[in-house]
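# Structural features, examined
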There are 2 protein chains.
Amino acid sequence: MYKLSACCSMACGISLHPKMVLASLRIRKQGNGHRTNVPRNVNLEKLQNNYLFPEISKREVQHMDKYPNAKVISLGIGDTTEPIPEKISLSMANYARALSTADGYRGYGAEQGNQALRKAIAETFYKDVVIKDTEVFVSDGSQCDISRLQLLLGSKVTIAVQDPSFPAYIDSSVIIGQAGDFQDKTGKYQNIEYMPCGPQNNFFPDLATTPRTDIIFFCSPNNPTGHAATRKQLQQLVEFARDNGSIIIFDSAYAAYITDDSPKSIFEIPGAKEVAIEISSFSKFAGFTGVRLGWTVVPEELLFSSGFPVINDFNRIVCTCFNGASNIAQAGGLACLSSEGFQAIRSVIDYYKENANILVDTFASLGLNVYGGVNAPYVWVHFPGSKSWSVFSEILEKTHIITVPGSGFGPGGAEYIRISAFGQRDRIIEASWRLEKLFSKEKTLFNSVWNIE
Amino acid sequence: MYKLSACCSMACGISLHPKMVLASLRIRKQGNGHRTNVPRNVNLEKLQNNYLFPEISKREVQHMDKYPNAKVISLGIGDTTEPIPEKISLSMANYARALSTADGYRGYGAEQGNQALRKAIAETFYKDVVIKDTEVFVSDGSQCDISRLQLLLGSKVTIAVQDPSFPAYIDSSVIIGQAGDFQDKTGKYQNIEYMPCGPQNNFFPDLATTPRTDIIFFCSPNNPTGHAATRKQLQQLVEFARDNGSIIIFDSAYAAYITDDSPKSIFEIPGAKEVAIEISSFSKFAGFTGVRLGWTVVPEELLFSSGFPVINDFNRIVCTCFNGASNIAQAGGLACLSSEGFQAIRSVIDYYKENANILVDTFASLGLNVYGGVNAPYVWVHFPGSKSWSVFSEILEKTHIITVPGSGFGPGGAEYIRISAFGQRDRIIEASWRLEKLFSKEKTLFNSVWNIE
């Protein structure tokens, strides 16, 4: 049986056996002993208990109990699988070893990150758009920075998200107190503006009908749809933000996967520095999902309504609520941005992109509408009229392949599944072969089954 | 000139030149360009701009400009200086190298931490008090966990802190919205209960006159006073929390420095599991200040007023707002808890403790009242009737030694300075020699100068 991958939250994956995940995450019963008089945080009460990935893990366990000899392939969680190039791992190993020497030992680093790394990030990713190294804040990953940005913004701001979107935007918004109650009927929280993004609008919100919010979370290339916003689309977005006095939080974690001329940074759009923050990551760029390294850019030009620079408050948050990324991980980040390291990383990215091509071709050849995969490591497949959990179950039952039901990313994903292109090539090919076999064999059955619910 | 140490926030230190720190932290002027219509977070408006350590850095720079050839010794920031034992750095190096192999590569880990490390922490530090591995959450450090705990608790709870105390408790409380305005007259925020802790009460609050709060932050051994609460004191604290239905957030980051039989964990006190969370760290225990590794224990028995288990909500916070500590740092943590690693770490701790002895002896021999140093790497020196910034300035001017003025830790530190025992032995001895020379030579002057303000 293939090694399994499972995930504890909607946001990431772990390499434990799913049973262990479920055990560690089970909801404890309410106790009968001493109770404190401290009330539970009302914001956490609002959060929905049903995380996407533990539910997937549960179903995976059930499936394995039913088919103990099945070779399960996980194309669910977006977790990197390929080794880190040697140049990079060696730089981390050398840094770690040097910590045992008087000359190489280092204690606290700057909370904002190693100066050389900040500079390298500014020069590698933002040379043409002139971002200063002091505007780059090195972090332990984008997901963590999203919550730090929520601490920065507080509970009084209004937010908008793409629908579907990466769940951490909404969940962190609920935790900080920006959202109202969850509505079972709509699958949405009150006070959050969900901007539908699908093939009907080329995966870009209809801004003419989108109400103003203080904050707009925008992910491009998008997780889960895989769509990279075009330059024209981003120009419209920046103009919209400028007109409304909004702040865009632009998530470019998948920018390295862009093949065409879509912008890799929001700051490629003139005027963006006065309306945008950018979060990004080494996770999918360099396989650092477990090493933990990311960054956030806050331009000096970005001002609150009073004229107070946002960067000053973000610096205060970073200094108070964070203590810098691991210095070993930062040494690795610096090696990633050397010319040799960068080149080595490109070939790993190309490997995943080739996986994505295989998956796109597979689904397209079956006559399904497939999106993403070109500028992102995610393939987004449409099953019109179906429910994504039903599609998920059918594929698992018939092919032993784990996918992600699109409804986990918001109501806009209800008829979709997301397929991750992270994986070893032989498994991607095996998965494609199983999917082709299923769909060509059972096309009639497949259509009837998936349309009846 | 000795290598300088400087710090960006009240919470930690960095090894940059102080001028670079100041440059990266300078408050940007309010701009004249496009302003968003997003209001600044009112909680951040309440936060005081005057961080302690940038102010110290500024004065250090001014001092160096004035005395360019001075050999400045920093006993200010509590930053570790001694190399990490080889066994530990090697384990991290090997883990990093293996990331370049198909077998050794690892992607996302569990947000709650590596299972083996959680188990090792539970068995090493909590064997006698029976903490389960599932109650241990591995983190990137205590300071980060303090903010995650604030996200857990939300803005509606009331808090109490020791005065003086580690500034991150109060600052994070202000950021999440628990505090009122800062009062210049008292040096305190409204809605926060400051519990005086000094020699007059054996550094333990007078609980009979302390009002109930939902949360009590309590650090033992204490930063900055160096006092480790006795078993009897902690029994009183737990009883107080039980009677009031409060939750204690117990910071045991310096527990490894305890020499006498003071409890190293709040869970040594019967009944504590139903009223306490414990945060701790590898930073001062294993020299991991830059590597970044810590943990938080949330017992299953700890319940909100509704009976809902706190651990469930903390797990949700960790999964949503964090993505696990760096897997390389976690490999190092596991090596620290092996018998060989643990023994090697003990000798580094003993080295810092010997430093503390030297500093305690120095100040005591000068007839000053000295606290701490026995169970903690901090020495807390009383200058009755003086202002701590004046003492700081005098020592710097006359001996080129950086200390920390106690007022930076709250109004209760107004007549004290904190001396860090982290440092290389030759510098500690040199510092002691300079201090002795100053105080024996200028004892009369010293008394008159420090009492006039």
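Predicted model only: the values in this text are computed from it and were never measured. (Residues numbered from 1 in each chain as written. Chains lettered and ligands numbered in written order. Predicted model: local features only at pLDDT ≥ 70, side-chain atom pairs only at ≥ 80, totals over all residues. Heavy atoms only, no water.)

Tallying secondary structure elements over chain A gives 15 helices and 15 strands in all. The 453 residues of chain A split such that 66% are buried. A fraction of 73% describes how many contacts in chain A between residues 6 or more apart in sequence connect residues 24 or more apart. Surface exposure of chain A reaches about 15,500 Å², of which carbon and sulfur atoms provide 50%. (Helix = DSSP H or I, 4+ residues; strand = E, 2+ residues; numbered from the N terminus. Buried < 20%, exposed > 50% of the residue type's maximum accessible area, 1.4 Å probe, protein only. Contact = heavy atoms within 4.5 Å. Areas by Shrake-Rupley, 256 points an atom, 1.4 Å probe, with all protein chains shown as cover.)

What follows is about the pairing of strand S9 (residues 276-281) of chain A. All names here are of chain A. Within S9, six of the six residues are buried, leaving the element largely enclosed by the surrounding structure. Burial along S9 is two-sided: the residues Ala276, Glu278 and Ser280 and Ile277, Ile279 and Ser281 are all buried. Relative to S9, strand S8 (residues 247-251) runs parallel, the two being bridged by four bridges. Bridge pairing in S9 links Asp251 to Ile279. When S9 meets strand S10 (residues 294-297), the two strands line up antiparallel, connected through four bridges. Note on S10: the bridge partner recorded for Glu278 is Val297. (Pairing = 2+ DSSP bridges.)

Quick look at the environment of B:Leu153 now. Structurally, the position occupied by B:Leu153 is in helix H6 (residues 142-153). Once the C-alpha coordinates of B:Leu153 and B:Gln178 are considered, the two residues, 25 residues apart in sequence, prove to be 9.7 Å apart.

Here the focus is the confidence of the model for chain A. All names here are of chain A. In the predicted model, chain A carries a mean pLDDT of 91, and 89% of its residues have values of at least 70. Segment residues 1-27 is flagged for pLDDT under 50; beyond a separation of four residues in sequence, or across chains, it makes 97 contacts in the model. Note that residues 448-453 has pLDDT below 50 and, in this model, 14 contacts with residues that lie over four places away or in other chains. (pLDDT = per-residue confidence, 0-100.)

Ranked by internal contacts, the top residues of the largest apolar core, which has 204 residues, are A:Met92, A:Phe282, A:Phe288, B:Met92, B:Phe282 and B:Phe288. The next biggest cluster of nonpolar side chains, apart from the first, holds 24 residues, and it includes B:Ala356, B:Leu366, B:Ala421 and B:Leu435. (Core = buried A, V, L, I, M, F, W, Y, C linked by side-chain atoms within 4.5 Å.)

Once that is clear, we can look at the packing of helix H6 (residues 142-153) of chain A against helix H10 (residues 310-321) of chain B. Two elements in contact, H6(A) and H10(B), have axes whose closest approach is 8 Å; the angle formed by their N-to-C orientations is 110 degrees. For the element pair H6(A) / H10(B), the angle class is roughly perpendicular. Touching A:Gln143, A:Cys144 and A:Ser147 of H6(A) are B:Cys319, B:Thr320 and B:Cys321, all from H10(B). Its residues assigned to classes, the contact of H6(A) with H10(B) shows three nonpolar, three polar and no charged. (Axes fitted to C-alpha atoms, helices over the stretch in contact; angles between N-to-C directions. Parallel < 35°, antiparallel > 145°, perpendicular 65-115°, else oblique. Nonpolar A, V, L, I, M, F, W, Y, C, P; charged D, E, K, R; others polar.)

In this section: the interface of chain B and chain A. The interface is formed by 116 residues belonging to chain B together with 115 residues belonging to chain A. Carbon and sulfur atoms make up 56% of the surface buried where chain B meets chain A, a total of about 10,200 Å² over both sides. Where chain B touches chain A, the interface holds six salt bridges. Residues A:Arg40 and B:Asp313 are paired through a salt bridge, measuring 2.7 Å at the closest nitrogen-oxygen approach. Between the two partners, chain B and chain A, sit 50 residue pairs in polar contact (both at pLDDT 80 or more). Mapped by element, the contributors of at least two residues to the side of chain B that touches chain A are helix H1 (18-25), helix H4 (86-98), helix H5 (115-125), H6, helix H7 (167-176), helix H8 (231-244), H10 and helix H11 (327-336) of chain B. Here the side of chain B that touches chain A gets nine residues from one element, more than from any other, and that element is H10(B). (Buried area = accessible area lost by both parts, 1.4 Å probe. Salt bridge = Lys/Arg side-chain N within 4 Å of Asp/Glu carboxyl O. Polar contact = N/O pair within 3.5 Å; in protein donor to acceptor, adjacent residues only side chain to side chain.)

With an RMSD of 0.0 Å, chain B superimposes on chain A once it is rotated by 180 degrees and translated 0.0 Å along the axis. Both chain copies can therefore be described as sitting about a two-fold axis. It is B:Ala93 whose C-alpha, among those of chain B, lies nearest the rotation axis, at 2.0 Å. Both copies share a contact surface, since 99% of the interface residues of chain B are interface residues in chain A too. (Least-squares fit on C-alpha atoms with pLDDT ≥ 70 in both.)

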